[in-house]
Amino acid sequence: MLALSGMRPCPAPFQADRTLAVGGAVGYDIAEVLQLTQERSLRDKARTLLDAPVEERLLYIREDHWIGYPAAQMVLAKLEDLYAAPDVTRPENVLIVGHTNSGKSSIVREFASRHPAQNDPHAGQAELPVIVFDAPAVPTEERLYTHLLNQLGAVTRPSEGVDGKLFRVRTLLRRLGTRVLVLDEVNNLLAANPRIQQQVLTSIKELGNDLGRPIVLTGTEVALAALRLDPQVQNRFPPVFLPRWVLNRDYLQLLASLESFLPLRKESRLASEVIAPLILEMTDGLIGEMILLVRRAATEAIRTNVECITEKLLRSLDWHSPTERNRLSAALELGAPARPS
Ligand SMILES: Nc1ncnc2c1ncn2[C@@H]1O[C@H](COP(=O)(O)OP(=O)(O)O)[C@@H](O)[C@H]1O
Ligand SMILES: [Mg+2]
């Protein structure tokens, strides 16, 4: 548990003579921190909404806005490399590993949106350079192909069998000019027994070899463990990790970016020395949790007319960190009293 100083009204000034340090681990350029915490640069859209009706502001707060933080940019750059690579018989693949809510799906969706479908009226056919699809729950090799074909709008018949479906998948992906195929949430594969898991993973690898194009998988550490069961598969899907956030410059920058999307009439200074560590603690350093928390807090700030996110407001929310939630549900399962510690 972090030791936090007393509650402050908004906006909370940053103490210029101190270095931010949590757990004794982090220290960084004070000038940069001051810049991040002292200046609120609202996005144009958020600024124009400052005088809009409450409901309109609340709706905007719930919208997703892509934030290109450095770790995400690095993964995107890797995906762009794969995209640009020429066709080869053993294409390079990648496994994006991160906790639930660490931003994996957002990155692959952002990547896909940078390579949208094209309709060429002259050639009379569509191109789909990047395909993102969710690994089916209860997977088998056949379910995987059926799922992919259905997602591409192709009708499937049970009589086709695995080979028939695989043939159609290959033909269709070649016709669509698909350069990168992304299988999101590969941990869904873990619903199957280890033998079927390995079969499906091998068939994914072979599909990439056949097409000569890279395959991108996303999943949690559990997926990483499943891939490890087969060194042949593991070697072909080198992992890149999306770690949890820690109190450093990138994190403060993320908070400043989040704040820039909030149509609140007063500055909150999310990156300030009191609020930044508190948000980290309440969210276990997961971007998806941070965004949910900030949305909940901003909504409350508008509804209560406070118009900024303060320490007091954050602490008043009915909110449990993922760790606390796990503890609570474990306690409920065991029939123990469900009280947060
Ligand atoms: N780069 C980002 N920019 C803006 N919001 C993001 C970003 N990454 C994640 N989020 C937010 O966090 C939520 C959870 O992220 P997601 O990509 O679904 O995580 P995962 O796939 O790892 O479980 C998203 O719905 C989105 O609101
Ligand atoms: Mg996801």
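Predicted model, so just to flag it, every value in this text is computed and none were measured.

Enquirer: Is there a simple way to think about the packing of helix α7 (residues 161–175) against helix α8 (residues 194–211) in this case?
Expert: Packed helix pairs are specified by the crossing angle of their axes together with the interaxial distance, meaning the distance between the axes. It is at 11 Å that the axes of α7 and α8 come closest, and there the two elements cross at 45 degrees. With respect to α8, the axis of α7 lies oblique. Considering how the two elements wind past one another, α7 and α8 form a crossing that is right-handed. Residue-level contacts link Val169, Arg170, Leu173 and Arg174 of α7 to Leu207, Asp210 and Leu211 of α8.

Enquirer: Got a minute to help me understand the site of ligand 1 in this structure?
Expert: If you check the shell around ligand 1, you find 16 residues, and the closest are Gly103, Lys104, Ser105, Ser106 and Gly288. Every element with two or more residues in the shell around ligand 1 is listed here: α5 (104–113) and α13 (287–303). Here the residues of the shell around ligand 1 are counted per class, giving five nonpolar, nine polar and two charged. Each of domain 1 (33–65 + 261–333) and domain 2 (70–242) gives at least three residues to the shell around ligand 1.

Enquirer: So what exactly am I meant to see when it comes to the packing of helix α3 (residues 54–61) against α13 here?
Expert: At a minimum axis separation of 10 Å, α3 and α13 run at an interaxial angle of 170 degrees. It follows from the interaxial angle that α3 and α13 lie roughly antiparallel. Residues Val54, Arg57, Leu58 and Ile61 of α3 lie in contact with α13, whose contacting residues are Arg295, Ala298, Thr299 and Ile302. Here the residues of the contact of α3 with α13 are counted per class, giving five nonpolar, one polar and two charged.

Enquirer: Quick question: what am I supposed to make of α8 here?
Expert: Each α-helix winds once per 3.6 residues, and so residues spaced three or four apart point in a common direction. If you check α8, its first and last C-alpha atoms are 26 Å apart, about what 18 residues at 1.5 Å a residue would give, namely 26 Å. For α8, the set of buried residues is Gln197, Val200, Leu201, Ile204, Lys205, Leu207 and Gly208. Take α8 and look down its axis: the buried residues cluster within an arc of 150 degrees, on one side only. Residues of α8 that are exposed and point over 90 degrees away from its buried face: Arg195 and Glu206. Check the buried side of α8 and you find it contacts α6 (141–151), α7, β5 (180–184), β6 (215–219), α9 (221–228) and α10 (231–236).

Enquirer: Would you mind going over unusual backbone geometry with me for this structure?
Expert: Keep in mind that most residues, glycine aside, have a negative phi and that most peptide bonds are trans. Backbone geometry at glutamate 185 places phi at a positive 55 degrees, although glycine is not the residue there. Here glutamate 185 shows up in the loop between β5 and α8. On the neighbour-count criterion, glutamate 185 (19 C-beta atoms within 10 Å) is partly exposed. Of note in this structure, aspartate 284 is not a glycine but carries a positive phi near 55 degrees. Its place among the elements puts aspartate 284 in the loop between α12 (275–283) and α13.

About the thresholds
- Residues numbered from 1 in each chain as written.
- Chains lettered and ligands numbered in written order.
- Predicted model: local features only at pLDDT ≥ 70, side-chain atom pairs only at ≥ 80, totals over all residues.
- Axes fitted to C-alpha atoms, helices over the stretch in contact; angles between N-to-C directions.
- Helix = DSSP H or I, 4+ residues; strand = E, 2+ residues; numbered from the N terminus.
- Parallel < 35°, antiparallel > 145°, perpendicular 65-115°, else oblique.
- Left-handed = near helix turned anticlockwise from the far one by under 90°.
- Contact = placed C-beta atoms within 7 Å.
- Near = placed C-beta within 6 Å.
- Nonpolar A, V, L, I, M, F, W, Y, C, P; charged D, E, K, R; others polar.
- Domains from an automatic or database assignment.
- Expected span 1.5 Å × (residues − 1).
- Buried ≥ 20, exposed ≤ 12 C-beta atoms within 10 Å, placed from the backbone.
- Arc of directions from axis to C-beta.

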